[in-house]
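Understanding the architecture of this molecule
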Protein chains: 2
Amino acid sequence: MANNKITKRSEDFAKWYTDVVRAASLADYSSVKGCIVMEPNGYAIWEKMQSILDKEFKKLGHVNVQMPLLIPETMLQKEKDLVEGFAPEVAWVTKGGDKELEDRLCIRPTSETLFCDYYKDHVSSYKDLPKLYNQWCNVVRWEKETRPFLRGREFLWQEGHTIHANKEEAMNETNQMLDVYYDFFHNYLAIPSIKGKKTEKEKFSGAEYTLTNEALMFNGVALQAGTSHYFGQTFAKAYDVKFNNKNNELEYVYQTSWGTTTRMIGALIMVHSDDNGLVLPPKIAPKQVVIIPIGDDEKVTSLTNKFNEELNAKDITTYIDNSDKSPGFKFAEAEVNGIPVRIEVGKRDLENNTITIARRDTGEKYTESADINIVEYITKLLDTIQNDMLERATKRRDELTFEAHNLDDMKKILDTQPGFIHAMWCGNKECEEKIKEIKGCKSRCILENEKSIDDKCVCCGKEAKYLVIWGIQY
Amino acid sequence: MANNKITKRSEDFAKWYTDVVRAASLADYSSVKGCIVMEPNGYAIWEKMQSILDKEFKKLGHVNVQMPLLIPETMLQKEKDLVEGFAPEVAWVTKGGDKELEDRLCIRPTSETLFCDYYKDHVSSYKDLPKLYNQWCNVVRWEKETRPFLRGREFLWQEGHTIHANKEEAMNETNQMLDVYYDFFHNYLAIPSIKGKKTEKEKFSGAEYTLTNEALMFNGVALQAGTSHYFGQTFAKAYDVKFNNKNNELEYVYQTSWGTTTRMIGALIMVHSDDNGLVLPPKIAPKQVVIIPIGDDEKVTSLTNKFNEELNAKDITTYIDNSDKSPGFKFAEAEVNGIPVRIEVGKRDLENNTITIARRDTGEKYTESADINIVEYITKLLDTIQNDMLERATKRRDELTFEAHNLDDMKKILDTQPGFIHAMWCGNKECEEKIKEIKGCKSRCILENEKSIDDKCVCCGKEAKYLVIWGIQY
């Protein structure tokens, strides 16, 4: 059975992770170095994420577009921070057909330049604003070390790029989209992420500031998953995106961008899964319920069909496993694939008019009457599972959240068990760099609205300005 | 107003086409040569196409995956026909970051190689078959001449790649998927396409045979939109994709691939649109109904809101144009953008308890009671428009369908008015090439189940084997 191959999470977290990815058929390595194949089970999770987020984006007035895959080098070079940030990690197309290109093209690592280049010709008046565009696409970054879903030379994402007639509106958009990500993590992925602002050192190249959605994995390592950038007029100036404002004066637009990627699938795995494979919150599971018939019997068939129809009719995605594998094999397969609920309909159980319902997240099994109102029961159970998963993940996050008042505290914590470390910071890059020397610990985000826990910087002891979460990251 | 810029279709079809693309804000040229920006109006059509086709694919058991964007040259070279077919038109990545690549990578022009490379490690028994995989993605082909949606260096498409345990099943899949395309064209795009088989000369590189969905544009030029290929074991042998069959013998899999692209948007335009801009069949229109309030009045507002809510509640995508433009401007905008139905709710009309409903396709206007059952009325009207559009397109196609019995016939037809030309063919490439000398006229497809119209080949006069449709193509 597939899940026999999974390394224990407590033994080797990294190996456990890739074992789960493989055992649940989410992705496989490809012959193209650093690139994965997203298999049906993995891609279906992405499709579900897309459909939920896309609806949210559209509710807020965003529309989808598609920009080119390729960016001419001369176009990229107009914004120097962006070039410096991305140049070392782009793939270059130098030949089209048999011909060397004069202006070589990079495969988009992100599309700020392309959106600006488009906007500059399509905005002339404040009446044309805001433009609330988003695109779902693939991007390429020539990473040296890669891991399925977490870091790859190619990944799928969405990138929103909006322009506005004034600063306040653009800043509100930046906040709003971070909230969309944060809510998505809490309400769908059952991941209690934390939102905050990146430090100057960690912000996106070219942004005035970057807001971030930070999640903590089961092993205490942090994962940035969802960022929202406020650009002010930086890109607008570099790419000459101007409009006539209400006073009929030429002004540069105010810009934002925000993105989430397939690495959210990595987060899902590393927060919820266990030694038996994938565990998915019901709201993001492409298949929520599996019905497994046991024994060849007319009553069994009729009841499984009835359940299947009733559940699907209420948009609870359900399927019957009618394959010719043994029931034990089917159980294991549903388990490793993270199907939230399993309904067993057995010939013998039906003699007592009972069925068995099992939860993937806890492994609990319930014996219920075969006459149960299945839709009501399963709806409630899926809700319970969703809530319990968020609660357990929150408990785990809280257990792995620490306070440090000096560098010794920090070292001790990181030597024992990494996690979210709350500590005060003076605001100087030097301190950030010194802290990074401790096992690569980085600032995750500045918490702007929380009480300070100390007067002094955790590193230099000088006056503290910010409460910051620190941690080791993927 | 936007539609003032549209060249008359009868004056210059090519210019009219690009004018419509621009006036309806479907796409714009980008600074990246040969690549377009798909704007919100254009991309929304693609999203609608995707959602319909994707549901059809899934109903038939297909699942979506995502393969890498890049293909190592060494991998591509394993199937020589494919290399010969695509090598002149691929973009090459030769540098990743600062490093020259040893094995250069091409951006996928199509993904047969990648699917085979994946399948070879994931299939071992007939129990693993069939694999019915599809992917939605971008591909790059280094075209010299490009036109928005019709031919571009990058385009979006779906490519299905399936493998099967026997020939019959794979051949059925090839047929079935062509039928999906054909039905989609008829039932949604209101385009009376024709299905048939490509000649040896025109089939896909590496395929045993190619089935094609051929549409005829308003100007009589043909457009191939949707092909389905049967590969037999060609690729399986080149990439070593084997399985143990029921007799426990090692056998190569039987393979198909099938695809449709964003050029379907080009077909939609060139079949249905007119001098006032885009005309969309209701079933593919992202927005089906626009409500335009005329005059600032409580009754007007209340009725527009009521209509809007009632229609949207029944999944008729409707919006109110509440912008501060003039009614005339709003009418023109809705017209150029191809909104199938316009409802005008005017203050003065309401004094007589009437509203006006206008059809985009014919321009007809109806005065109706304001108390109308709007859902019933619009549902019926959208159906009528959909049917009428298919009927008109069929009439046009039939008017532009000719018969040729010799090369003189063919020349005469092509000199006067191109179209679908039915003519018999002996099966020899030489004749095909000779016919191509007449204005580039090519075989569109072989009609396998229709009666022959002659005994002799239209070109050489020798015994005819096939009834073929010929035409000039995009």
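Because the structure is a prediction, the values reported are computed rather than measured. One numbering rule holds for all chains: residues counted from 1, following each sequence as written. Chain letters start at A and ligand numbers start at 1, both assigned in the order the entries are written. Note on the predicted model: pLDDT of at least 70 is required for a residue's local features to be given, and 80 or more for side-chain atom pairs to be given and counted; whole-chain, interface and lining totals, by contrast, use all residues.

So, the overall build of chain A
Our working definition: Think of it this way: any DSSP run of H or I at least four residues long counts as a helix, any run of E at least two long counts as a strand, and we number them from the N terminus. The globule rule used here is 2.2 Å times the number of residues to the 0.38 power, and the radius of gyration it is set against is calculated over C-alpha atoms. Counting other C-beta atoms within 10 Å of each residue's C-beta, where C-beta atoms are placed from the backbone, gives the exposure class: buried for 20 or more, exposed for 12 or fewer, partly exposed between. Each residue is represented by a C-beta atom placed from its backbone, and any two residues with such atoms within 7 Å are regarded as in contact.
Looking only at helices and strands, chain A has 14 helices and 23 strands in total. Radius of gyration (C-alpha) of chain A: 25 Å, near the 23 Å computed for a compact globule of 474 residues. By residue count, 50% of the 474 residues in chain A fall in the buried class. Restricting the contact set of chain A to residue pairs at least 6 apart, pairs at least 24 apart contribute 69%.

Let's talk about the relation of the copies chain B and chain A
Which entries qualify depends on this criterion: Least-squares superposition aligns the copies on the C-alpha atoms of those residues with pLDDT at or above 70 in both.
The two copies are related by a screw operation: chain B maps onto chain A through 180 degrees of rotation and 0.0 Å of translation along the axis, at an RMSD of 0.0 Å. Read as a symmetry element, the transformation amounts to a two-fold axis. When C-alpha distances to the rotation axis are compared across chain B, the minimum falls at B:Val93, with a value of 2.1 Å. A symmetric contact is evident, with 100% of the interface residues of chain B recurring at the interface of chain A.

So, the sheet that holds strand β16 (residues 318–320) of chain A
Sheets are built from strands that pair by backbone hydrogen bonding, the pairs being arranged parallel or antiparallel. All names here are of chain A. Formally: At least two DSSP bridges between two strands are needed for those strands to be called paired. Only the stretch in contact is used when fitting a helix axis, every axis being a line fitted to C-alpha atoms; angles between N-to-C directions are given from 0 to 180 degrees.
Spatially, β16-β15-β17-β18-β19 is the arrangement adopted by the 5 strands of the open sheet, whose pairing is mixed. The sheet terminates laterally at β16 and β19 (365–369), the two strands that pair on one side only. The mean angle between the axes of side-by-side strands here comes to 25 degrees, regardless of whether they run parallel or antiparallel. Where strand β15 (residues 289–294) lies against strand β17 (residues 341–346), 6 bridges are found, and the strand directions are parallel. When the bridges of β17 are listed, Val290 appears paired with Arg342. Here helix α9 (residues 298–313) sits on the sheet in contact with β15, β16 and β17, set at roughly 170 degrees to β15. Its contacts with the sheet place helix α10 (residues 327–336) against β15 and β17, and it is angled at close to 175 degrees to β15.

Quick look at the interface of chain B and chain A
Interfaces are frequently sized by the accessible area removed from exposure as the parts join. Heads up, the rule is: In this classification, the charged set is Asp, Glu, Lys and Arg, the nonpolar set is Ala, Val, Leu, Ile, Met, Phe, Trp, Tyr, Cys and Pro, and all remaining amino acids, among them Gly, are polar.
In this complex, chain B contributes 39 residues to the contact, which on the side of chain A involves 39 residues. Looking at the side of chain B that touches chain A, the elements with two or more residues in it are β2 (36–38), α2 (40–59), β3 (63–64), β4 (70–72), β5 (91–96), α5 (112–122), β7 (131–140) and β8 (154–164) of chain B. At 6 residues, the largest contribution of residues to the side of chain B that touches chain A is made by β5(B). Partitioning the side of chain B that touches chain A into residue classes produces 24 nonpolar, 8 polar and 7 charged. Of the pairings in the sheet, the one linking strand β5 (residues 91–96) of chain A to β5(B) comprises 5 bridges and is antiparallel in character. Within β5(B), the residue paired with A:Val93 across the bridge is B:Val93.

Concerning the domain arrangement of chain A
The criterion, for reference: By convention here, the domain bounds are inherited from an automatic or database domain assignment.
Assigned domains within chain A: domain 1 (60–268), domain 2 (289–381) and domain 3 (401–471). For domain 2 of chain A versus domain 3 of chain A, the separation of C-alpha centres amounts to 49 Å.

Side note on the packing of helix α9 (residues 298–313) of chain B against helix α12 (residues 374–399) of chain B
All names here are of chain B. Our working definition: In this scheme, roughly parallel covers angles under 35 degrees and roughly antiparallel covers those over 145, while 65 to 115 is roughly perpendicular and the rest are oblique. Less than a right angle of anticlockwise turn of the near helix away from the far helix marks a crossing as left-handed, whereas a clockwise turn marks it as right-handed.
Look at α9 against α12: their axes get within 9 Å of each other, and the N-to-C directions meet at 60 degrees. The angle between the axes of α9 and α12 places the two elements in the oblique class. Seen along the crossing, α9 lies across α12 with a hand that is right-handed. Of α12, the residues touching α9 (which contributes Phe307, Glu310 and Leu311) are Ile374, Val375 and Ile378. By residue class, the composition of the contact of α9 with α12 is 5 nonpolar, no polar and 1 charged.

Considerations on the pairing of strand β19 (residues 365–369) of chain B
All names here are of chain B. Little of β19 is tucked away, with 0 of its 5 residues classed as buried. Bridge analysis of strand β18 (residues 354–359) against β19 gives 5 bridges, and the strand direction is antiparallel. If you follow Ile357 over to β19, its bridge partner there is Tyr366. Between the antiparallel neighbours β18 and β19 lie 5 residues, among them Gly363 with a positive phi of about 80 degrees.

Description of unusual backbone geometry
Peptide bonds are, in most cases, trans, and in most cases residues other than glycine have a negative phi. Cis peptide bonds are those with omega within 30 degrees of zero, and the linkage from A:Leu129 to A:Pro130 qualifies with -5 degrees. Within the secondary structure, A:Pro130 sits in the loop between α5 (112–119) and β7 (131–140). Of note in the backbone geometry, B:Phe149 takes a positive phi value of approximately 75 degrees without being a glycine. Inspection of the secondary structure assignment puts B:Phe149 in the loop between β7 and β8.

Some remarks on helix α8 (residues 263–272) of chain B
Residues and elements named next belong to chain B. Most of α8 is tucked away: 10 of the 10 residues are buried. Taken residue by residue, α8 has Arg263, Met264, Ile265, Gly266, Ala267, Leu268, Ile269, Met270, Val271 and His272 as its buried positions. Buried residues along α8 sit against α1 (13–23), α2, β10 (209–216), β11 (222–232), β14 (254–261) and α12.

Let's talk about the sheet that holds strand β15 (residues 289–294) of chain B
Residues and elements named next belong to chain B. Taken together, the 5 strands give an open sheet; going across it, the order is β16-β15-β17-β18-β19, and neighbouring strands pair in mixed fashion. Edge positions in the sheet fall to β16 (318–320) and β19, since each has one partner strand and no second. Across the sheet, the axes of successive neighbouring strands diverge by a mean angle of 25 degrees, strand direction being ignored. Seen against the sheet, helix α10 (residues 327–336) touches β15 and β17 (341–346) and runs at an angle of roughly 175 degrees to β15.

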